[in-house]
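The lines below spell out each chain.
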Amino acid sequence: MTRALLAIETSCDETAAAVVTDRLQALSSVVSSQVELHARFGGVVPEIASRAHVRLVGPIVSQALDEARVTAGELSAVAVTRGPGLVGALLVGISAAKALAMGLGLPIVAVNHLEGHLASVAMDEPDMAFPQLALLVSGGHCILARSPSPGVYERLGQTKDDSVGEAYDKVGRLLGLGYPGGPAIDRLAASGEDSLGFPRPMLREGYDFSFSGLKTAVANYVRANPTLVVEDVAASFAAACMDVRCAKLSRALEEFKDPVVSVVGGVAASPILRSRAAELAKDAGARLLLPSQRLATDNAAMIGIAAWQLLDRRGGLGDRFDFGPLASWPLSWGDRDGGTLGGVSWDAGAPTP
Ligand code: KG4
Ligand code: ZN
């Protein structure tokens, strides 16, 4: 018999709930974006986000159950994002999930948001081949990782400063494109030219990234050129970001020769990135996994998928109920240069920090 869990995600400015089966299929996935509430501030205001989650979490959970045609009594578990994210925002989802799980007598599963993004490609792929490479590009993160087996992640590189999404959003603000900047820059870039020669930071250095110098180069250009062609700035900036990401991804494909590569996170909604990644994977003879556009940006279905994978690895054990939100929760990275590879760093059923 198919089992289903309810997943809740409130780590930033989306209130989301989903019902996901143990076959990793989303029976529903409801996402209420607060973009309009934050747009006039040019970024997410944590207090406003928390208050909106308080208002929205109940109705969004009800909607997710209704759309899935599943009653609360038919659920097998409740999953929730524990971090990384805005503490006040996370707390709302965690409290709602605990109340539901306790009231219904169900196990609760605390999920790492990053692991959710990485799991987003498993939706219609329950039996995936390993090892895999993964590029996680979102508003808060830019990580190149390698996964030798399910739930185990080895970090190859990460950003030293801004994430790609952050750089997109900051450049979007500089160009007066509103928040979030990513989709708008992508759209404009399609009709502009990569003619401004912006730098490609750390292009040839290892697997780490840096985007703040690029962002400053764009800011300097914008200040010095009041009559700029906004499409060309967008195209030049997007091309610089793309070149750096693709150089690292293709080097990793060449070095590790892994059969599967995925590109996940909000920025993976970008059509240009999706098609460049497809070319790179094809050249390397690797299979490319991409989340659908809806699963790329923040949602609860990916949290539900990651939760089933966790439950599977732990023989169905949930977490203790005494966990709180984590502003920062790096995946338990192994060290590429000789360290041990680890899964997520807690024991099932053990007290959590
Ligand atoms: O994964 P996500 O929804 O939230 C975080 O976990 O941070 O990622 C949001 C980021 C934002 O920075 C947004 O500008 C970017 O994803 N984004 C895009 C596109 N859609 C969203 N960036 C480039 N092209 C897009 N089409
Ligand atoms: Zn995210």
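Residues numbered from 1 in each chain as written. Chains lettered and ligands numbered in written order. Predicted model: local features only at pLDDT ≥ 70, side-chain atom pairs only at ≥ 80, totals over all residues. Heavy atoms only, no water.

Q: Provide a residue-level description of the side chain of D169, including the pertinent values.
A: Tracing the backbone shows D169 in helix α5 (residues 164-174). At 6.8 Å, R173 is the nearest oppositely charged side chain to D169, a buried residue that forms no salt bridge. A distance of 2.9 Å separates a polar side-chain atom of D169 from the backbone nitrogen of G181. With residues up to four places along the chain from it excluded, the contact list for D169 reads Y179, P180, G181 and G182. (Helix = DSSP H or I, 4+ residues; strand = E, 2+ residues; numbered from the N terminus. Buried < 20%, exposed > 50% of the residue type's maximum accessible area, 1.4 Å probe, protein only. Lys, Arg positive; Asp, Glu negative; His and termini not counted. Salt bridge = Lys/Arg side-chain N within 4 Å of Asp/Glu carboxyl O. Polar contact = N/O pair within 3.5 Å; in protein donor to acceptor, adjacent residues only side chain to side chain. Contact = heavy atoms within 4.5 Å.)

Q: Break down the pattern of salt bridges for me, citing the residues and quoting the values.
A: One pass over the structure, following the stated rule, counts 14 salt bridges. A salt bridge links E154 to R146; the nearest nitrogen and oxygen atoms lie 4.0 Å apart. Of the residues examined, E154 reaches a relative accessible area of 9% and is grouped as buried. In this structure, D194 and R200 form a salt bridge, with 3.1 Å as the shortest nitrogen-oxygen distance. Among the ionic contacts, a cluster of salt bridges with common partners joins D162, E166, K170 and K215.

Q: Just give me the short version of the environment of A4, but keep the residues and values in it.
A: Structurally, the position occupied by A4 is in strand β1 (residues 4-9). Separated by 220 residues in sequence, A4 and A224 place their C-alpha atoms 56 Å apart. Discounting chain neighbours no more than four positions away, the residues touching A4 are V19, V20, T21, E74, L75, S76, A77 and W308.

Q: Just give me the short version of unusual backbone geometry, but keep the residues and values in it.
A: Residue P84 is reached from G83 by a cis peptide bond, and omega for that bond is -10°. Tracing the backbone shows P84 in the loop between β4 (77-83) and α3 (87-104). A cis geometry characterises the amide bond from F130 onward to P131, with omega recorded as 0°. Looking at the secondary structure, you find P131 in the loop between α4 (113-119) and β6 (132-137). The residue M202 is not glycine, and still its phi comes out positive at about 55°. Relative to the helices and strands, M202 resides in the loop between α6 (181-189) and α7 (212-224). The class for M202 is buried, based on a relative accessible area of 17%. A positive phi angle is found at K257, which is not glycine, with a value near 55°. The class of K257 is exposed, set by a relative accessible area of 64%.

Q: Kindly report on the site of ligand 1, identifying the contributing residues and their values.
A: In the neighbourhood of ligand 1, 18 residues make up the surrounding shell, with G139, D169, G182, G266 and D298 lying closest. A distance of 2.8 Å separates an oxygen atom of ligand 1 from a polar backbone atom of G139. Of all the elements, α6 adds the most residues to the shell around ligand 1, at three residues. (Near = heavy atom within 4 Å.)

Q: Let's hear about the coordination of the zinc ion (ligand 2): which residues, and what values?
A: Of the protein atoms, only H113 (NE2), H117 (NE2) and D298 (OD) coordinate the zinc ion (ligand 2), at distances of 2.0 to 2.1 Å. Because the angles between the four donor atoms bound to the zinc ion (ligand 2) fall within 95 to 137°, the donor set is best described as irregular. Read N to C, the donor residues that coordinate the zinc ion (ligand 2) are spaced as H-x3-H-x180-D. Within this pair, H113 and its partner H117 are both found in helix α4, separated by four residues, close to a single helical turn. Using a relative accessible area of 6% as the deciding quantity, one classes H113 as buried. Given the relative accessible area of 1%, H117 is considered buried. (Donors = N, O, S within 2.8 Å, 3.2 Å for Na, K, Ca; no water. Tetrahedral: all angles 85-135°; square planar, octahedral: opposite > 155°, others 65-115°.)

Q: Please provide a residue-by-residue account of the sheet that holds β1, values included.
A: The strand order across the open sheet built from five strands is β3-β2-β1-β4-β5, with neighbouring strands paired in mixed fashion. On the outer flanks of this sheet lie β3 (26-33) and β5 (108-112), each paired with one strand and no other. Taking the axes of each pair of neighbouring strands and ignoring which way they run, one obtains an average angle of 20° across the sheet. As judged from the four bridges shared by β1 and β4, these two strands associate in the parallel manner. When the sheet's bridge partners are listed, L6 is paired in β4 with V78. Each of β1, β2 (14-21) and β3 is contacted by helix α2 (residues 46-68), which is oriented at about 25° to β2, the strand it contacts most. Contacts from α3 reach β1, β4 and β5 within the one sheet, and its direction differs from that of β4 by about 160°. (Pairing = 2+ DSSP bridges. Axes fitted to C-alpha atoms, helices over the stretch in contact; angles between N-to-C directions.)

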